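# Structure assessment
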Amino acid sequence: MKKKILITISIFIIIGISAYLYIYKGHRNIESETADYVVTVNELEREFTSNDSLAYIKYQDKTIELSARVTSIDKASNGIVMSEKIFVTFKNRLPQNITSGKYLKIKGRFLGYDELLQEFKIDQSSVVH
């Protein structure tokens, strides 16, 4: 009887540790990751317009790289808007050399599409040189 209880407790401990490690994975370093996708703003729009469910599956939580023109800067939220359609927040602080109208290549984690504001969201971004 004691052996069965010991085996059952061991199984629960193993399952608990496995679940914890699965749920609480280590933090990602997006800046050092290779981009899963290199896309343009037009490609993102086209894919989300044609089938947003498939586009979410494809891009959600993936590292993407894109180039676009900076259309506005939001220092309060440490972010910029690119091509009037992509809201980008940076991992650290807003790079000082960013100005409106400048073309940038950024890499970051794709969060999704905000239907209310009609813009894509990317966070943990960095400027690619």
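Described below are features of the structure shown in this document. (Residues numbered from 1 in each chain as written. Predicted model: local features only at pLDDT ≥ 70, side-chain atom pairs only at ≥ 80, totals over all residues. Heavy atoms only, no water.)

Bringing the pattern of salt bridges into the picture now. Tallying each qualifying case throughout the model produces 7 salt bridges. A salt bridge links arginine 109 to aspartate 61; the shortest N-O distance between them is 3.2 Å. Separated by 48 residues along the polypeptide, arginine 109 in strand 5 (residues 103–114) and aspartate 61 in the loop between helix 3 (52–59) and strand 2 (63–74) bring together distant segments of the chain. Residue classification places aspartate 61 among the partly exposed residues on the basis of a relative accessible area of 36%. The closest approach of N and O atoms between lysine 105 and glutamate 65, which form a salt bridge, is 3.5 Å. (Salt bridge = Lys/Arg side-chain N within 4 Å of Asp/Glu carboxyl O. Helix = DSSP H or I, 4+ residues; strand = E, 2+ residues; numbered from the N terminus. Buried < 20%, exposed > 50% of the residue type's maximum accessible area, 1.4 Å probe, protein only.)

Within strand 4 (residues 86–90), 5 of the 5 residues are buried, leaving the element largely enclosed by the surrounding structure. Alternating positions in strand 4 separate into two faces, Ile86, Val88 and Phe90 on one and Phe87 and Thr89 on the other, with burial throughout. Bridge count between strand 3 (residues 79–82) and strand 4: 4 bridges; the pairing is antiparallel. Bridge assignment links glycine 79 to a residue of strand 4, and that residue is threonine 89. (Pairing = 2+ DSSP bridges.)

The subject of this paragraph is the packing of aromatic side chains. Applying the stated criterion across every chain, the model contains 9 aromatic pairs. Look at phenylalanine 48 and tyrosine 56: their rings are 5.1 Å apart centre to centre, the planes differ by 85°, and that puts the pair in the edge-to-face class. On the basis of relative accessibility, which here comes to 10%, the residue phenylalanine 48 falls in the buried class. Residue classification places tyrosine 56 among the partly exposed positions, given a relative accessible area of 24%. Relative to phenylalanine 120, the ring of tyrosine 113 has its centre 4.9 Å away and its plane inclined at 55°; by these criteria the two rings are tilted. Exposure remark for phenylalanine 120: the relative accessible area of 2% places this residue in the buried category. Taken together, the aromatic side chains of Tyr37, Phe48, Tyr56, Tyr59, Phe110, Tyr113 and Phe120 make up a single cluster linked through ring pairs. (Phe/Tyr/Trp six-rings, centres within 6.5 Å; stacked < 30°, edge-to-face > 60°.)

The subject of this paragraph is the layout of surface pockets. If a probe the size of a water molecule is rolled over the atoms, the empty space left behind becomes visible. In this structure, the largest pocket spans a volume of roughly 160 Å³. Glu45, Phe48, Thr49, Asp52, Tyr56, Lys85, Tyr113, Glu115, Gln118, Glu119 and Phe120 are the residues that line the largest pocket. Elements that contribute at least two residues to the lining of the largest pocket include exactly helix 2 (41–50), helix 3 and strand 6 (119–127). Here the lining of the largest pocket takes 3 residues from helix 2, the largest share from any one element. Grouping the constituent residues of the lining of the largest pocket by class yields 4 nonpolar, 2 polar and 5 charged. (1 Å grid on protein atoms, 1.4 Å probe; cavity = no way out; pocket = protein on both sides within 12 Å on 5 of 7 lines; lining within 4 Å. Points joined across faces, edges and corners; volume = space filled by probe spheres on them. Nonpolar A, V, L, I, M, F, W, Y, C, P; charged D, E, K, R; others polar.)

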